[in-house]
Amino acid sequence: MDMLREFFGIGGYRRVPEGYLSVEHLMFVTTLLAVMALLAVLLGRRNRHRSEEEKNAVLLGAAVAINAFEMVKIVVRCMEHGVQEILYLLPLFLCSVQLIAIPLAALSRGRLREAAMDFVVIFGPVGALLGTYAAGQNYACYPVLSADNVISGLTHGISGFTALYILISGMASMKRSNVPVTYAIILSFCVPAYVMNHVIDYNYMFLVRGDGTPYDILYNLVGGSGLLYPLGVVGLFLLYITAYYQVYYLVRRALGRRRKMV
């Protein structure tokens, strides 16, 4: 029981955090992401020529897993800090949008399904990397092998796994007509995140400050402006979506020419 209490941080952690970018931090997240990438490659290659139902079963599993881990985190945090803690655990971080986007990709139909898959493909890898290697706010505060970091690592890893699986299994559409819908998905989370930040004095979507992430670069560039910084963050989201689509088309075109030459 003592080990469980310490792992979940009930009553506070007694261990001293190993630290951001410590050997333990880097070993843990590298191993985790390597396992997720290997699973995505194996399952993606296995299912590439199978039916849509078989391909979709993996998406459903990822959707259930990522939300199950998140629910465990919410329950533990609310038990420790009270029910009001849920206000700080809403799916309004960039990475936590995948809690909704992955189920949408698995369960919806038509253009919404395509755009949801595009969203997962576009933001899954960056979320997996930033939420593990660049999560200075987590690894500086909590021990590496703690519920806070392990569950966060798993949810971010599942986002990266799902994105890679969609690409390898041939489920991605990445149609130009889906770009506005993909924009709409990210904007539909930015607006309530901005509102909630002002209601509860929080930092959803990193729209208030960088909190030890690469967003600090933008924050410092604009001098912490309460107007320019959030607009810049949203602009970077949209720019990243646009750039990802363009790079995807260039890579696909290059691969197509290579296959013709062979």
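The following refers to the structure shown. No experiment lies behind these values; they were computed from the predicted model shown. Per chain, residue numbering runs from 1 following the sequence as it is written. Owing to the predicted nature of the model, reporting of local features is limited to residues with pLDDT of at least 70; listing and counting of side-chain atom pairs is limited to 80 or more, with chain, interface and lining totals taken over all residues. Values shown for side chains rest on all heavy atoms present in the structure; no hydrogens or waters enter the calculation.

## Some words on a nonpolar patch on the surface
In step 1: Residues form patches when they are more than 30% accessible in relative terms and have no salt bridge. Like charges link within 9 Å. Nonpolar side chains (Val, Leu, Ile, Met, Phe, Trp, Tyr) link within 5 Å. We get accessible surface area from the Shrake-Rupley algorithm with a probe of 1.4 Å; when it comes to residues, only the shown protein chains can shield them. Any carboxyl oxygen of Asp or Glu that lies within 4 Å of a side-chain nitrogen of Lys or Arg is treated as forming a salt bridge with it. Taken together, the side chains of Val191, Tyr194, Val195 and Val199 present a nonpolar region at the surface, about 370 Å² in accessible area.
In step 2: Each helix is a run of DSSP H or I of at least 4 residues and each strand a run of E of at least 2, with the numbering of both proceeding from the N terminus. Here valine 191 shows up in helix H8 (residues 179-200).

## Here's the deal with the environment of arginine 48
In step 1: Here arginine 48 lies in the loop between helix H2 (23-47) and helix H3 (52-81).
In step 2: Judged by relative accessible area, which is 39%, arginine 48 ranks as partly exposed. Buried means the residue's accessible area, taken with a 1.4 Å probe over protein chains only, is under 20% of the maximum for its type, while exposed means over 50%, and partly exposed covers the values in between.

## Notes on a positive patch on the surface
In step 1: Together, Arg176, Arg252, Arg253 and Arg257 make up a region of like positive charge exposed at the surface.
In step 2: Mapping arginine 252 onto the fold places it in helix H10 (residues 228-261).
In step 3: Residue arginine 252 is classed as partly exposed on the basis of its relative accessible area, which comes to 44%. Asp and Glu are treated as the negative residues and Lys and Arg as the positive ones, with His and the ends of the chain left uncounted. Each charge is placed at NZ for Lys, CZ for Arg, CG for Asp and CD for Glu.

## Here we look at empty space enclosed by the protein
In step 1: Detection works on a 1 Å grid of protein atoms alone, calling trapped sets that fit a 1.4 Å probe cavities and calling open sets with protein on both sides within 12 Å along at least five of seven lines pockets, with lining residues defined by an atom within 4 Å of a point. Grid points are joined across faces, edges and corners, and a volume is the space filled by probe spheres set on the points. For the structure on display, the rule yields one cavity of 30 Å³ or more.
In step 2: In this structure, the largest cavity encloses a volume near 30 Å³.
In step 3: Lining the largest cavity are Leu94, Cys95, Gln98, Phe123, Gly127 and Ser159.
In step 4: Of the residues belonging to the lining of the largest cavity, the class tally is three nonpolar, three polar and no charged. Residues are grouped as follows: nonpolar covers Ala, Val, Leu, Ile, Met, Phe, Trp, Tyr, Cys and Pro; charged covers Asp, Glu, Lys and Arg; every other residue, Gly included, is treated as polar.

## Notes on helix H7 (residues 147-169)
In step 1: Take the number of residues in a helix, subtract one, and multiply by 1.5 Å to get its expected span. With 23 residues, H7 ought to run about 33 Å at 1.5 Å a step, and its terminal C-alpha atoms sit 31 Å apart, in line with that.
In step 2: In terms of burial, H7 is a largely internal element, 21 of the 23 residues being buried.

## A closer look at the packing of helix H5 (residues 110-130) against H7
In step 1: It is the contact of H5 with H7, at a shortest axis distance of 7 Å, that shows an interaxial angle of 135 degrees. Classified by the angle between their axes, H5 and H7 sit oblique to one another. Both H5 and H7 take part in a crossing whose hand is left-handed. Contacts from Met117, Val120, Val121, Gly124, Pro125, Gly127 and Ala128 in H5 reach His156, Ser159, Gly160, Thr162, Ala163, Ile166 and Leu167 in H7.
In step 2: Counted by class, the contact of H5 with H7 contains eight nonpolar, six polar and no charged residues. Fitted lines through C-alpha atoms give the axes, limited to the stretch in contact for helices. The angle between two N-to-C directions lies from 0 to 180 degrees. Angle categories are assigned with fixed cut-offs, so that under 35 degrees is roughly parallel, over 145 is roughly antiparallel, 65 to 115 is roughly perpendicular, and the rest are oblique. By convention, the crossing between two helices is left-handed when the near helix turns anticlockwise from the far helix through less than a right angle, and right-handed when the turn is clockwise. In this description, contact between two residues means that some pair of their heavy atoms is separated by no more than 4.5 Å.

## A short note on the layout of surface pockets
In step 1: Space inside the largest pocket adds up to approximately 810 Å³.
In step 2: Within the residue set of the lining of the largest pocket, elements represented by two or more residues are H3, helix H4 (98-107), helix H6 (136-139) and H7.
In step 3: Ranked by residue count, the leading element in the lining of the largest pocket is H7, at six residues.
In step 4: When grouped by side-chain class, the residues that make up the lining of the largest pocket number 18 nonpolar, eleven polar and six charged.

## Observations concerning unusual backbone geometry
In step 1: You will see that methionine 174, though not glycine, has its phi angle at about 50 degrees, which is positive.
In step 2: Its place among the elements puts methionine 174 in the loop between H7 and H8.
In step 3: The exposure class of methionine 174 is buried, given its relative accessible area of 1%.
In step 4: The phi dihedral of methionine 205 falls on the positive side, at around 60 degrees, and the residue is not glycine.
In step 5: The topology assignment puts methionine 205 in the loop between H8 and helix H9 (215-221).

## With respect to the packing of aromatic side chains
In step 1: We call Phe, Tyr and Trp rings a pair once their centres come within 6.5 Å, taking the six-membered ring for Trp, and we label the pair stacked below 30 degrees between planes, edge-to-face above 60, and tilted otherwise. Using the criterion set out here, one finds 17 aromatic pairs in the structure.
In step 2: Ring centres of tyrosine 215 and phenylalanine 237 lie 6.4 Å apart, and the angle between their planes is 90 degrees; this geometry places the pair in the edge-to-face category. Taken as a pair, tyrosine 215 in helix H9 and phenylalanine 237 in helix H10 lie far apart in primary sequence, 22 residues in all. The same class applies to tyrosine 215 and to phenylalanine 237, which are both buried.
In step 3: In this structure an aromatic cluster arises from ring pairing among Tyr88, Phe93, Phe119, Phe123, Tyr202, Tyr204, Phe206, Tyr215, Phe237, Tyr240 and Tyr244.

All we've got here are geometric facts, nothing functional implied.
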